[in-house]
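# Fold and contact review
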Amino acid sequence: EGMAAIPVIKGCIQRRPDVNVLMTTTTLSAFEVLKNMLPNGVIYQLDLNTNSILLMHIKFVLQQFAPLDTPTAMDCFLGYWKPNAIMLIESELWPNLIMGASRKCIALALLNARMSAKSFRNWSLPVVSHLTSLMLSKFSLIVPLCNMQAIHFQLLQAPPLVINFSGDLKYAVDNGNSNEVLRSMEDLQVQLANRQVWMASSIHKGEEEVMLGVHKGLQKTYPDIVSIIVPRHPQLGLDIALDLQKEGVRVELRSHHEMLTPGTNIYVVDTLGWRWILKGLSVLSSRRVLDGLIYEYLGSGVGMEASSCKQGRELRYFYRLTPIAVIGGSFLPGLTGHNISEAAAAGCAVLTGHHLGHFAHMALEMQRLNPMSVLQVSGDAELEEVLRELFSNAKLLDARCVAAKQAFNALSSGVVEKVCNLLHLHIYSKVLTKTKDGGQEKCGGDERFDEDDDPGVMLSSFNN
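In every chain, residue numbers begin from 1 and rise along the written sequence. At least 70 in pLDDT is required for a residue's local features to be given in this predicted model, at least 80 for side-chain atom pairs to be given and counted, and no such filter applies to totals for whole chains, interfaces and linings, which use all residues. Note that the side-chain values use all heavy atoms of the structure and ignore hydrogens as well as water.

## Details of the sheet that holds strand β14 (residues 324-327)
- Pairing is parallel across the open sheet formed by 7 strands, whose spatial order is β10-β11-β9-β8-β14-β15-β16. Each edge of the open sheet carries a strand with a single partner, namely β10 (251-253) and β16 (374-376). Between one strand and the next, the sheet's axes are offset by a mean angle of 20°, whatever the strand orientation.
- Two strands pair under a simple rule: DSSP has to find at least two bridges between them. Secondary structure is summarised from DSSP: a helix means a run of H or I of at least four residues, a strand means a run of E of at least two, and numbering begins at the N terminus for each. As paired elements, strand β8 (residues 197-203) and β14 share 3 bridges and run parallel to each other. Opposite M199, over in β14, you have A325 as the bridge partner.
- Any two residues whose heavy atoms approach within 4.5 Å are treated as being in contact. All axes are obtained by fitting lines to C-alpha atoms, using only the stretch in contact for helices, and the reported angles, taken between N-to-C directions, cover 0 to 180 degrees. Sitting on the sheet, helix α10 (residues 234-246) touches β8, β9 (226-231), β10 and β11 (266-268), and the angle it makes with β10 is about 155°.
- The strands touched by helix α15 (residues 380-392) within the sheet are β8, β14, β15 (349-352) and β16, with β15 carrying the most contacts at an inclination of about 170°.

What follows is the structure, given as structure tokens:
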């Protein structure tokens, strides 16, 4: 969600350099990846969901209370920042945020709008249906992720005129190059030369058994093969390495900056997200207790240090090192898939499982454009068979790589431009009109749009 917001922010600033942008996220890993990708001058806020926020403005870090979705917290938050518009990226519906913004005449937009099946059922219940329709009536713009999501919002009685289409913002991959990451990849690219390579990315607990089973089968035919395993969570990467080392298998960990020697066939990228090290404190499983420790640390200086990792940004570069990308989070029931467009953008042959959640629409869109762009497989046996076929048939591999790249190019074309046009029509024009018409407007007893205030936009990304 945060990555999808970056092109929108850049488009906002390019079209309206007078607009000030505040961006908020809800995870530490998003904070680490995104903070160096934002344009200069963007105010960045980290929401830990419970007790505290880190607010970053250029080189300064301040502490604030988190904007929990309670009336008091939201009123304080909105009253402090006084945004003219709020754009939510793939967000759930937060009643107090939405109603609080409406009372203060803050324009609301929901971009890449989606709702999980569970949320749709909950918001459709008779006991909350009136609240649902009331909340949706406060939006000036809703840009659904796909046709099915648009139907969901229509069934929940969103005003038809505010629903508009632009395409999926997840196709809007920012291909800016990082010299630091590029240099770190050069040596690895040399080490992978003349070896069969495939990558399993965003692997969840349990899926490593599928991928390692496939690796063992392929190694019988291709002894020099390299399997790049990218777990969704770094602890899983360490667990994989320890288990394999007990079996006598040589494994290299990216976090250890180890060389990929000729006798090593598995490379684990264990640098996703944040790992907290509590000095003198045990890591507690209770989220409430852990959040309390984080708050105590921020408030009184309890020793804690964060080791940040940048795999979210590096993953795009790893896709450039391999001709075949197997996208995890999709091979076991209960999982909901991951973004396949990044692998397609890099020109990989894209393979995935059948448990895709809301990413199913992305796979279908690409397959409609070119049936060879994405291949869904049922399990380890079929995955191993397909990989063998791709390794043995260079023309087929090249055709799948080209198909994925072409499908991505077609679907990504003009997405950000369409979103910016919709924002100008439904959000910026209204904000400017209110600003010019006397400078003030009363909404529910609150005064907004002071004539001395610069236009401001707040962008938030939330996990569904």
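## Points about the pattern of salt bridges
- By salt bridge we mean one thing: a side-chain nitrogen of Lys or Arg within 4 Å of a carboxyl oxygen of Asp or Glu. One pass over the structure, following the stated rule, counts 9 salt bridges.
- Residue R15 is joined to E417 by a salt bridge in which the shortest nitrogen-to-oxygen separation is 2.7 Å. Of this pair, R15 sits in helix α1 (residues 2-15) while E417 sits in helix α17 (residues 415-436), and the two are 402 residues apart along the sequence.
- For each residue, the accessible area found with a 1.4 Å probe, counting protein chains only, is set against the maximum for its type, and the residue is called buried under 20%, exposed over 50%, and partly exposed in between. For R15, a relative accessible area of 35% gives the class partly exposed.
- The partly exposed category is assigned to E417, whose relative accessible area is 46%.

## Focus on helix α5 (residues 117-124)
- Of all the positions in α5, only S119, F120 and W123 are classed as buried. The buried residues of α5 occupy an angular sector of 100° when the element is viewed end-on, so they sit on one face. Exposed positions of α5 whose direction lies more than 90 degrees from the buried face are K118 and R121.
- Elements in contact with the buried residues of α5: α4 (95-103), α6 (126-136) and α7 (147-155). By definition, the arc is the one covered by directions from the helix axis to the C-beta atoms.

## Notes on a nonpolar patch on the surface
- A residue counts toward a patch only above 30% relative accessible area and without a salt bridge, and it is joined to like-charged neighbours within 9 Å or, for Val, Leu, Ile, Met, Phe, Trp and Tyr, to nonpolar neighbours within 5 Å. The accessible surface values rely on the Shrake-Rupley method and a 1.4 Å probe; as for residues, cover is taken only from the protein chains in view. Taken together, the side chains of M148, I151 and L155 present a nonpolar region at the surface, about 300 Å² in accessible area.
- Looking at the element boundaries, L155 is found in helix α7.

## Brief notes about the packing of α5 against α6
- Two elements in contact, α5 and α6, have axes separated by 6 Å at closest approach and are oriented at 100°. Between α5 and α6, the interaxial angle falls into the category roughly perpendicular. For the pair α5 and α6, contact is made by N122, W123 and S124 and by P126, V128, S129, L131, T132 and M135, respectively.
- Three classes are used, and their members are as follows: Ala, Val, Leu, Ile, Met, Phe, Trp, Tyr, Cys and Pro are nonpolar, Asp, Glu, Lys and Arg are charged, and the others, Gly among them, are polar. Residues that form the contact of α5 with α6 fall into these classes: 5 nonpolar, 4 polar and no charged. Working rule for angles: under 35 degrees goes down as roughly parallel, over 145 as roughly antiparallel, 65 to 115 as roughly perpendicular, anything else as oblique.

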